[in-house]
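Given next are the chains, with one letter for each unit.
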Amino acid sequence: MVKCPECKSKKIEYFPDMSGNVPRIIYKQLSDGNFKATLKGSKVGKTDDNDDLTTMSASDLYYNDSRPYFYCTNCTMEFDG
């Protein structure tokens, strides 16, 4: 579990690296013409980068992003992993 280093809150948001590294956000077009975001990467111990990371553990997050960027919605602190 990731906690804010300032206020110790667990109300944390994670912002994936947008430079093309995993986890990757891919938008797929739906039948109605709208686009839906998917999050792809690897679960711990895998290397195919095609696992669904819509929900992932903290271990999977660190496995895919060595310097994750977090935001605490409680005290508004920004911090990296």
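Rules and cut-offs
- Residues numbered from 1 in each chain as written.
- Predicted model: local features only at pLDDT ≥ 70, side-chain atom pairs only at ≥ 80, totals over all residues.
- Heavy atoms only, no water.
- Helix = DSSP H or I, 4+ residues; strand = E, 2+ residues; numbered from the N terminus.
- Buried < 20%, exposed > 50% of the residue type's maximum accessible area, 1.4 Å probe, protein only.
- Contact = heavy atoms within 4.5 Å.
- Areas by Shrake-Rupley, 256 points an atom, 1.4 Å probe, with all protein chains shown as cover.
- Lys, Arg positive; Asp, Glu negative; His and termini not counted.
- Charge placed at Lys NZ, Arg CZ, Asp CG, Glu CD.
- Polar contact = N/O pair within 3.5 Å; in protein donor to acceptor, adjacent residues only side chain to side chain.

A. Region of interest: the overall build of the protein. When its secondary structure is counted, the protein shows 1 helix and 6 strands. Helices and strands appear in the protein in the N-to-C order β-β-β-β-α-β-β. Here the C-alpha coordinates of the protein stretch approximately 45 × 30 × 20 Å along the principal axes. Counting across all 81 residues of the protein, residues that qualify as buried make up 26%. Taking the contacts inside the protein whose residues are at least 6 apart along the sequence as the reference set, 35% of them involve residues at least 24 apart. Put simply, the protein shows about 5,600 Å² of open surface, and 49% of that area lies on carbon and sulfur atoms. Computing the positive centroid from 11 side-chain charges and the negative centroid from 12, the protein places the two 6 Å apart.

B. Layout of the side chain of Asn64. Along the polypeptide, Asn64 turns up in helix α1 (residues 58–64). Using a relative accessible area of 8% as the deciding quantity, one classes Asn64 as buried. Looking at Asn64, its side chain comes within polar contact range of the main-chain oxygen of Ser42, at 2.5 Å.

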